[in-house]
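What the coordinates show
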Protein chains: 2
Amino acid sequence: MQTLNTTEQQIIEAARKIFMHKGLAGARMQDIADEAGINKAMLHYYYRSKEKLFEIVFWEAIDQLLVRVNAVLAEKMPVEEKIGAAVSHYIITLSDNPYLPLFVLNEIQQNPDRIIQRFVHAPLFPNVQVFMQEIAAAMEQGIFRKVNPPQLMVSIISMCIFPFVAKPLLQAAFTVNDVQFGMMMEERKKFVTDFVMHALQP
Amino acid sequence: MQTLNTTEQQIIEAARKIFMHKGLAGARMQDIADEAGINKAMLHYYYRSKEKLFEIVFWEAIDQLLVRVNAVLAEKMPVEEKIGAAVSHYIITLSDNPYLPLFVLNEIQQNPDRIIQRFVHAPLFPNVQVFMQEIAAAMEQGIFRKVNPPQLMVSIISMCIFPFVAKPLLQAAFTVNDVQFGMMMEERKKFVTDFVMHALQP
DNA sequence: CGCGGAGTTAACCAAATGGTTAAACAAATA
DNA sequence: TATTTGTTTAACCATTTGGTTAACTCCGCG
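Residues numbered from 1 in each chain as written. Chains lettered and ligands numbered in written order. Predicted model: local features only at pLDDT ≥ 70, side-chain atom pairs only at ≥ 80, totals over all residues. Heavy atoms only, no water.

1. Describing the domain arrangement of chain A
Residue and element names in this part refer to chain A. Looking at the assigned domains, one finds that chain A contains domain 1 (7-57) and domain 2 (68-200). Centre-to-centre separation of domain 1 and domain 2, based on C-alpha positions: 30 Å. The junction of domain 1 with domain 2 conceals about 660 Å² of combined surface from both sides, 68% of it contributed by carbon and sulfur atoms. Three residues, Met20, His21 and Phe54, lead the burial of domain 1 against domain 2; their summed loss comes to 65% of the area buried on that side. Taken together, the links from domain 1 to domain 2 amount to 2 salt bridges. The partner of Arg114 in a salt bridge is Glu51, with the nearest N and O atoms 2.8 Å apart. (Domains from an automatic or database assignment. Buried area = accessible area lost by both parts, 1.4 Å probe. Salt bridge = Lys/Arg side-chain N within 4 Å of Asp/Glu carboxyl O.)

2. Remarks on the relation of the copies chain A and chain B
With an RMSD of 0.0 Å, the fit of chain A onto chain B corresponds to turning through 180° and sliding 0.0 Å along the axis. In short, the pair behaves as if placed about a two-fold rotation axis. Measuring from the rotation axis to each C-alpha of chain A, the shortest distance belongs to A:Ala199, at 1.9 Å. The share of interface residues of chain A whose copies in chain B are also at the interface is 100%, consistent with both copies meeting through the same surface. (Least-squares fit on C-alpha atoms with pLDDT ≥ 70 in both. Contact = heavy atoms within 4.5 Å.)

3. Some points on the protein's contact with DNA strand D
Surrounding DNA strand D, one finds 14 residues, the nearest of these being A:Met42, A:Tyr45, B:Arg28, B:Lys40 and B:Lys50. Counting only the atoms of DNA strand D that lie within 4 Å of the protein, the sugar and phosphate share comes to 58%. Between DNA strand D and A:Tyr45, the relevant distance is 3.0 Å, taken from a phosphate oxygen to a side-chain nitrogen or oxygen of the residue. If you list the elements that add at least two residues to the surface near DNA strand D, you get α3 (40-47) of chain A together with α3 (40-47) of chain B. Broken down by element, the surface near DNA strand D gets its largest block of residues, 4 residues, from α3(A). A class-by-class count of the residues in the surface near DNA strand D yields 7 nonpolar, 4 polar and 3 charged. (Near = heavy atom within 4 Å. Polar contact = N/O pair within 3.5 Å; in protein donor to acceptor, adjacent residues only side chain to side chain. Helix = DSSP H or I, 4+ residues; strand = E, 2+ residues; numbered from the N terminus. Nonpolar A, V, L, I, M, F, W, Y, C, P; charged D, E, K, R; others polar.)

4. Remarks on the packing of helix α1 (residues 7-26) of chain B against helix α2 (residues 29-36) of chain B
Residue and element names in this part refer to chain B. Two elements in contact, α1 and α2, have axes separated by 8 Å at closest approach and are oriented at 130°. Here α1 is positioned oblique relative to α2, judged by the angle of their axes. Every pair of crossing elements has a handedness; the one defined by α1 and α2 is right-handed. Contact with α1, carried on its side by Gln10, Ile11, Ala14, Ala15, Lys17, Ile18, Phe19 and Lys22, involves Asp31, Ile32, Glu35 and Ala36 of α2 and no other residues of that element. (Axes fitted to C-alpha atoms, helices over the stretch in contact; angles between N-to-C directions. Parallel < 35°, antiparallel > 145°, perpendicular 65-115°, else oblique. Left-handed = near helix turned anticlockwise from the far one by under 90°.)

5. Looking at the interface of chain A and chain B
In many analyses, interface size is given as the accessible surface area lost on bringing the parts together. With 49 residues of chain A at the interface, the matching set in chain B holds 49 residues. For the pair chain A and chain B, the summed buried surface comes to about 4700 Å²; carbon and sulfur atoms form 72% of the total. The largest contributions to the chain A side of the interface with chain B come from A:Gln109, A:Gln151 and A:Phe162, which together make up 15% of the buried area. The interface formed by chain A and chain B includes 0 salt bridges. Inspection of the region where chain A meets chain B yields 14 residue pairs in polar contact (both at pLDDT 80 or more). Counting only elements with at least two residues in the side of chain A that touches chain B, the list comes to α1 (7-26), α7 (100-110), α8 (112-121), α10 (149-165), α11 (167-173) and α12 (178-200) of chain A. The dominant element in the side of chain A that touches chain B, judged by the number of residues it contributes, is α10(A), at 13 residues. In the side of chain A that touches chain B, the residues fall into 34 nonpolar, 10 polar and 5 charged.

Have a look at this one:
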């Protein structure tokens, strides 16, 4: 997310903002040009087409939402700690990029092939397997209660990501402003970690 | 969701399908007309504009995603049971309408005002308050461990809805087809309920 | 039968949109 | 200074898109 002042970079930043907010179908090339403060022709000069520009923003977002968590899951630490670390990582990342997950999820649904192709070649986050095995091992050792690991995995991810996907709705439902929502997410790190640990108590 | 054979109804059904799959920005009036097997002018004859047609589909979806759960939460039964009932209700509803939540959440983010206006007049699901009070009462009585009720609420909803929001992604990540995904969601009803009950064990 | 109105359609329209082009500009190079 | 090379712009273009119109069909009713 470097902020170089070159036109090339300004375009990417503008594209990121517009695509994230409006999606591929809703974004207008003119919007992006305006946001970047340049002529529309420059977009094509540097990136050929709307689709090409979108792909750059999209894969950058995928990297942020899916790939980077791998590094956290690769660290060497007890499973109990690793759960907390992963939860914190997600909530921190998404607090800085609230629009990220809905954007990614929506575009995947619009065009699943785009991402499925990549999964065929190699799993997008290999360490999730490792993590699930560590959890399974902890269950065998009696550290955790035995539950279905994929369901557990999905649950942890759900509790971290969903609040950001539903942010405007939750804000309306619980009548909280942006600051309060931020505080809620801050306190959510501990809540989710504790909640999961209690649920896994034998 | 009635299937009357009148043109008026055929249009709504077609609009529902197209809008749910492509969203407001991505949907084309021609797509809807084709899906309904009629001339594009008919759409305007019956529903004036794209926006008007969209609003009908949108509020119908809101009703399905947010309002109907109220009935479940209004039923008279012990909290422990009610949690399971709400979870089941959501997973059953969404299994029949997998595109529903992403559609709704996305359109809310695109235009939050649309829904915020409604929340100002009256809460869209008053019984959530009741439910949270029942949970708080159960905590006071020592039936449940004390946790922050809104955080708990958000967590339950997350675990129910998120898998459908991320459906294509989860299917790719865990390599499951539609049938297997359906089974996973079927088994998820029990998983989430148990998971929550264990997490709330004092 | 003929009249009237609801239902339906093909053709049309203006605006928006992704993309192109040719000319202008600026900074380095010879 | 003249030339070249990469950058930037205004104007333009073809297609798409939401929406309109005028004519046509069909059915019930006098």
